[in-house]
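# Observations on the three-dimensional arrangement
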Amino acid sequence: MEAAAVEKQQEHKEKIGRDINEVGKVVVGQENMVNRLLVGLFTNGHILLEGVPGLAKTLTVSTLAQVLHLDFQRIQFTPDLLPADLVGTMIYNQKDGKFEVKKGPIFANIILADEINRSPAKVQSALLEAMQEKTVTIGETTFTLDRPFLVMATQNPVDQEGTYPLPEAQVDRFMLKVVINYPTKDQEMEVMRRISNMQFNFTVNTILTKEDIFAIRDQVNKVKSSEWLERYIIELVYATGKPLEYKLNEQSQYIQFCASPRASINLNLA
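Residues numbered from 1 in each chain as written. Predicted model: local features only at pLDDT ≥ 70, side-chain atom pairs only at ≥ 80, totals over all residues. Heavy atoms only, no water.

### Focus on the overall build of the protein
Scanning the protein from terminus to terminus reveals 10 helices and 9 strands. Each principal axis of the C-alpha distribution contributes one length, and for the protein these read about 65 × 50 × 45 Å. Burial status across the protein gives 38% buried among its 270 residues. Intrachain contacts of the protein at a sequence separation of at least 6 include 76% that bridge at least 24 residues. If you sum the accessible surface of the protein, you get close to 16,100 Å²; carbon and sulfur atoms cover 53% of it. A distance of 1 Å separates the average location of the 29 positive side-chain charges in the protein from that of its 34 negative side-chain charges. (Helix = DSSP H or I, 4+ residues; strand = E, 2+ residues; numbered from the N terminus. Buried < 20%, exposed > 50% of the residue type's maximum accessible area, 1.4 Å probe, protein only. Contact = heavy atoms within 4.5 Å. Areas by Shrake-Rupley, 256 points an atom, 1.4 Å probe, with all protein chains shown as cover. Lys, Arg positive; Asp, Glu negative; His and termini not counted. Charge placed at Lys NZ, Arg CZ, Asp CG, Glu CD.)

### Quick notes on helix 2 (residues 31–43)
For an α-helix the count is 3.6 residues per turn, leaving residues at separations of three or four pointing the same way. When the terminal C-alpha atoms of helix 2 are compared, their 18 Å separation across 13 residues agrees well with the 18 Å that a helix rising 1.5 Å per residue should span. For helix 2, the full list of buried residues reads Met33, Val34, Leu37, Leu38, Val39, Gly40, Leu41, Phe42 and Thr43. In the stretch just after helix 2, Asn44 is the one whose phi turns positive, near 65 degrees. (Expected span 1.5 Å × (residues − 1).)

### Regarding unusual backbone geometry
The omega torsion of the bond from Arg147 to Pro148 falls at -5 degrees, within 30 degrees of zero and hence cis. With respect to the secondary-structure elements, Pro148 resides in the loop between strand 7 (141–144) and strand 8 (150–155). The backbone phi angle of Asn44 is positive, close to 65 degrees, even though this residue is not glycine. Here Asn44 is to be found in the loop between helix 2 and strand 1 (46–50). Although it is not a glycine, Lys247 sits at a positive phi angle of roughly 60 degrees.

### Focus on the confidence of the model for the protein
Residues at a pLDDT of 70 or more form 93% of the protein, whose mean pLDDT is 82. Averaged pLDDT values for the elements of the protein fall to 72 in helix 6 (residues 168–171) and rise to 90 in helix 9 (residues 227–241). (pLDDT = per-residue confidence, 0-100.)

### A few points about the packing of helix 9 against helix 10 (residues 261–269)
Interaxial distance between helix 9 and helix 10 falls to 9 Å at its minimum, and their mutual angle equals 140 degrees. Classified by chirality, the crossing of helix 10 by helix 9 is right-handed. Of the residues in helix 10, those touching helix 9 at Ile233, Ile234 and Val237 are Ala263, Ser264, Leu267 and Asn268. Of the residues contributing to the contact of helix 9 with helix 10, the split by class is 5 nonpolar, 2 polar and no charged. (Axes fitted to C-alpha atoms, helices over the stretch in contact; angles between N-to-C directions. Left-handed = near helix turned anticlockwise from the far one by under 90°. Nonpolar A, V, L, I, M, F, W, Y, C, P; charged D, E, K, R; others polar.)

### With respect to the sheet that holds strand 9 (residues 174–179)
With parallel pairing, the 5 strands of this open sheet are ordered in space as 2-5-8-1-9. Each end of this open sheet is capped by a strand with a single partner; those strands are strand 2 (72–76) and strand 9. Neighbour-to-neighbour, the strand axes of the sheet open up by a mean angle of 20 degrees, direction not taken into account. Of the strand pairs in this sheet, strand 2 and strand 5 (residues 110–114) are connected by 5 bridges, and their pairing is parallel. Following the sheet pairing, Gln76 is matched in strand 5 by Asp114. Helix 3 (residues 57–68) rests against strand 1, strand 2, strand 5 and strand 8 of the sheet, and its axis sits at about 170 degrees to strand 5. (Pairing = 2+ DSSP bridges.)

### Side note on the packing of aromatic side chains
Per the stated rule, a full pass over the model turns up 3 aromatic pairs. Aromatic pair Trp228 and Tyr232: ring centres 5.7 Å apart, planes at 5 degrees, arrangement stacked. Of this pair, Trp228 and Tyr232 are both found in helix 9, 4 residues apart, which corresponds to roughly one turn of the helix. The exposure class assigned to Tyr232 is partly exposed, which follows from its relative accessible area of 44%. Pairing Tyr238 with Tyr246 gives two aromatic rings, centres 6.3 Å apart and planes at 65 degrees, and the pair type is edge-to-face. Overall, the relative accessible area of 41% leaves Tyr238 in the partly exposed class. For Lys103, the ring lying beneath its charged end belongs to Phe107, and the centroid distance is 4.9 Å. (Phe/Tyr/Trp six-rings, centres within 6.5 Å; stacked < 30°, edge-to-face > 60°. Lys NZ or Arg CZ within 6 Å of the ring centre and 35° of its normal.)

This is how it looks when you write it as structure tokens:
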């Protein structure tokens, strides 16, 4: 590897570490969540966050967007949400006597789909196009979303009243599902002290730019996996379809579908 490339790689590594520290100014703990969010960002994969309310899922995503200086939109999913509330719609301009496009909150770099499982299938379908195709269709016009584009969705595993199970096709488009755990006693003490201090400063500095993100993605694409690792990934994925062949007798009763090729692709990228 050329000296300049090594130097650039070290610079990006340092900036990623500073990114994590900046988020830590606001969010106590949750290093695993921040790490996985960055994995998704650098490999162009969407993230599903699962955890009970109050574990700083929304705060972590919004803080990370500030550190990265990316456009951020939070969308609260509710049973009465319509696709137009997500992607936008056509409105009539009386002054000009013609219809105009009013873009929805989906037109941002980082989308936080809060409690995504609270909206019906038609809203899920609208989000699906954006996640997979990176495009949005309003009326007869198709718009390309700005890059990077990342959906970070949260779902509450406890309160299931008024929720809609995510379609398998949509679950399959999330690169990682991150289960958020409770903080430790010391971490919760620190959270309590920070919130009780009304003078606590929540401002963070911008570390990585869009150009840095795209450069890191290029570096990720240049990493070569060994054949041994590639075969191990394939064996893992294949075991979900043929668990009995791998002597997973107890686990087989919980498996309904084999993981799709997206699983092997995303495991390799991650």
